[in-house]
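Chain by chain, the residues:
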Amino acid sequence: MLRRYSRHLLIPEVGLAGQRRLSRARALVVGAGGLGSPALQYLAAAGVGRIGIADDDVVDETNLQRQTIFSTADIGRPKAQAAAERITALNPHVAVDALQLRFDESNARPLVALYDVVLDCSDRFPTRYLVNDACVLEGKPDVHASIFRFDGQIGVFTRDHPCYRCLYPEPPPAGSTPTCAEGGVLGVLAGIVGTWQANEALKSLLGIGELLTGRLMLVDALAGRTREVRYERDPACALCGESPTVNDAREIAYGEAELDATLDEIEPDALDAALRQWTLLDVREPHEAVLGSLDGAVALPASELEARLHELDSSRSYVVACRVGVKSRWAAQRLRDAGFTRVRHLKGGLLGYAARHDDFAFF
Amino acid sequence: MTVRVLAFARVREILGSNDSTLTLNDGARVSDAWAAVVERAPALAPLARSTRVARNGEIVSGEEPLQDGDELALLPPSGGG
Ligand SMILES: [Zn+2]
């Protein structure tokens, strides 16, 4: 069995003692996706004794462009199970916990407590805050990474160093930042960043080198460049600051609960608040939109809606607006018919909104 | 003064550039630089509270004063994995 690790044994920083240490170590990987795929395989190959894989999803064909732990034959199978089988095939000496569940506030702290290091390979903000909070509270390192198109970020959060909330006290408004599924991601970037995550986790387990604590590593795959930025613990941090308000691992309120999507209208007075999370779809014709629109609006004239429906993203939330609120009602219904589930139209149109807002003039 | 602006992830995408320059009045702070960037790309406005800004490799608050030749990095959190 030691022969398998002979290239590790030759490195003084690992050696026999380090390899034994790895064989007794336990790592939890939250999310078996783009980042989890390489991370899991390198942790297993390195001989980490026990590896937990938390994922409640199944393998989809669109995953295979970057999630290299899966095969075409795995499509439709639970990710935790398929990944566990791959790991066992790679290294039968590794004990695998295939956790076919969603990492949530009901299990976060008990799960984290069972492992020595956690790799946050998830793909949603509430899970990222939850992993951070559970790790800091349980005193376990959170090896964090995220990817977007060509850009990756990697950092390690521990009880003795700044945490994710020190770095990012607030998530972006729901709907403002696409996921990989919505915005796309370069497949190989997931490989680069997830492998880097495995490196940080292995260093943490071995107790060697310098961890990415208080430093955020930025990977720009397009420029072929990495940078790092330093940051300090935030005395006002809700979790690790001087007067914490987060004392347990609870999922943050996030999402689009403010607006009831079952209603089909929105009052002009509610538009400003709604647009913090919803996107304004301006369906006025060019000749009606003399004085422009609101910041962040998507312009798609009603006359072109049918032909350009594919430009819209059915996973996003839209407030449809026209000049007086007639065409927008029709356009909103057209979107619902096409499978958009979060659509409302602006009652009274942009003229009605402008009448209540002196600083806007939409004629 | 002139500062260099590096943009990442969602901010880069909205701004349409990962490396640009801004000309600001003397005495400008990080918040003034952000306001100038939002003027260039108004769709960035909703990301104001979540995006962190690093000045010469160090994450700072909006109050941080700027100097000619500074390099700013605009860092939005990204959730993708
Ligand atoms: Zn903190």
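It should be noted that the structure appears before, not after, this text.
The model shown is predicted, which means the values in this text are computed figures rather than measured ones. (Residues numbered from 1 in each chain as written. Chains lettered and ligands numbered in written order. Predicted model: local features only at pLDDT ≥ 70, side-chain atom pairs only at ≥ 80, totals over all residues. Heavy atoms only, no water.)

### Some details on the interface of chain B and chain A
Under the convention used in this document: In this analysis, two residues are considered to be in contact whenever any of their non-hydrogen atoms come within 4.5 Å of each other. Two parts placed together each lose some accessible area under a 1.4 Å probe, and adding up what both lose gives the buried area. The salt bridge definition used is simple: a Lys or Arg side-chain nitrogen within 4 Å of an Asp or Glu carboxyl oxygen. Identification of polar contacts relies on pairs of N or O atoms within 3.5 Å, with a donor-acceptor requirement for protein atoms, meaning one able to donate a hydrogen and the other able to accept it, and with residues adjacent in sequence counted only if both atoms are side-chain atoms. A run of H or I in DSSP becomes a helix once it reaches four residues, and a run of E becomes a strand once it reaches two; helices and strands are each numbered from the N terminus. Residue polarity follows a fixed list, in which Ala, Val, Leu, Ile, Met, Phe, Trp, Tyr, Cys and Pro are nonpolar, Asp, Glu, Lys and Arg are charged, and the others, Gly among them, are polar.
At the junction of the two partners, chain B supplies 28 residues and chain A supplies 41 residues. Buried surface at the junction of chain B and chain A, both sides included, amounts to about 2800 Å², of which 52% is carbon and sulfur. It is B:Arg10, B:Pro77 and B:Gly81 that lose the most area in chain B upon contact with chain A, and together they represent 21% of the buried surface on that side. The interface formed by chain B and chain A holds 6 salt bridges in total. Taking the shortest distance from any N to any O, the salt bridge between B:Glu71 and A:Arg227 comes out at 3.4 Å. Here chain B is connected to chain A by 20 residue pairs in polar contact (both at pLDDT 80 or more). Taken together, the elements giving at least two residues each to the side of chain B that touches chain A come down to β1 (2–7), α1 (9–15), β3 (52–55), β4 (58–60) and β5 (71–75) of chain B. When residues of the side of chain B that touches chain A are assigned to their parent elements, the largest contribution, 4 residues, is made by α1(B). Taken together, the residues that form the side of chain B that touches chain A break down as 12 nonpolar, 8 polar and 8 charged.

### Examining a nonpolar patch on the surface
Convention followed: Excluding any residue in a salt bridge, patches collect residues exceeding 30% relative accessible area, merging like charges within 9 Å and nonpolar Val, Leu, Ile, Met, Phe, Trp and Tyr side chains within 5 Å. Shrake-Rupley sampling with a 1.4 Å probe provides the accessible areas, and residues are treated as covered by the protein chains on show and by no other component.
Where nonpolar side chains cluster on the molecular surface, the patch consists of A:Phe150, A:Leu186, A:Val188, A:Ile192 and A:Leu222 and spans about 410 Å² of accessible area. As for its position among the elements, A:Ile192 is in helix α9 (residues 187–206).

### As for the coordination of the zinc ion
Residues and elements named next belong to chain A. Formally: Coordinating donors are taken to be N, O and S atoms lying within 2.8 Å of the metal, or within 3.2 Å when the metal is Na, K or Ca; because water is excluded from the atom set, some sites may appear incomplete. Tetrahedral means four donors with every angle between 85 and 135 degrees, whereas square planar (four donors) and octahedral (six donors) require angles over 155 degrees between opposite donors and between 65 and 115 for all others; sites fitting neither are termed irregular. Categorising residues by exposure relies on relative accessible area from a 1.4 Å probe, with only protein chains included: less than 20% of the type maximum marks a residue as buried, more than 50% marks it as exposed, and the intermediate range marks it as partly exposed.
Only Cys 163 (SG), Cys 166 (SG), Cys 237 (SG) and Cys 240 (SG) from the protein reach the zinc ion as donors, at distances of 2.3 Å. Taken together, the 4 donor atoms surrounding the zinc ion define angles of 91 to 120° at the centre, an arrangement classified as tetrahedral. Mapped onto the sequence, the donors of the zinc ion take the spacing C-x2-C-x70-C-x2-C. The exposure class assigned to Cys 163 is buried, which follows from its relative accessible area of 0%.

### Here's the deal with a negative patch on the surface
Which entries qualify depends on this criterion: Working convention for charge: Lys and Arg count positive, Asp and Glu count negative, and His plus the chain ends are omitted. Where a charge lies is defined by one atom per residue type, namely NZ (Lys), CZ (Arg), CG (Asp) and CD (Glu).
A cluster of acidic residues, A:Asp57, A:Asp60, A:Glu61 and A:Asp123, forms a negative patch on the protein surface. With respect to the helices and strands, the residue A:Glu61 is situated in the loop between β2 (50–54) and α4 (79–90).

### Considerations on the environment of B:Arg52
Along the chain, B:Arg52 falls in strand β3. Placed 10 residues apart in sequence, B:Arg52 and B:Gly62 show a C-alpha to C-alpha distance of 9.0 Å. Not counting chain neighbours up to four residues away, the residues in contact with B:Arg52 comprise A:Cys166, A:Leu167, A:Tyr168, A:Pro169, B:Ile59, B:Val60, B:Ala73, B:Leu74 and B:Leu75. Looking at B:Arg52, its side chain comes within polar contact range of the main-chain oxygen of A:Leu167, at 2.8 Å.

### Focus on the state of the cysteines
Our working rule: Sulfur atoms of two cysteines make up a disulfide when they are within 2.5 Å.
Inspection of the entire model under this criterion finds 0 disulfides over all chains. Looking at the unpaired A:Cys135, the closest cysteine sulfur is the one in A:Cys163, lying at 11 Å.

### So, the nonpolar core
Residues and elements named next belong to chain A. Stated formally: Residues belong to one nonpolar core when they are buried, are Ala, Val, Leu, Ile, Met, Phe, Trp, Tyr or Cys, and are joined through side-chain atoms within 4.5 Å.
Leu 40, Leu 43, Val 48, Ile 51 and Leu 119 are the most contacted members of the largest nonpolar core, which totals 44 residues. With 8 residues, the top contributor of residues to this core is α9. When neighbours within four sequence positions are excluded, Ile 51 is seen to be in contact with Ala 27, Leu 40, Leu 43, Ala 44, Ile 87, Val 94, Ala 95, Val 96, Asp 97 and Tyr 115. Core analysis: the second largest hydrophobic core is formed by 24 residues, Tyr 164, Cys 166, Leu 239 and Val 246 among them.

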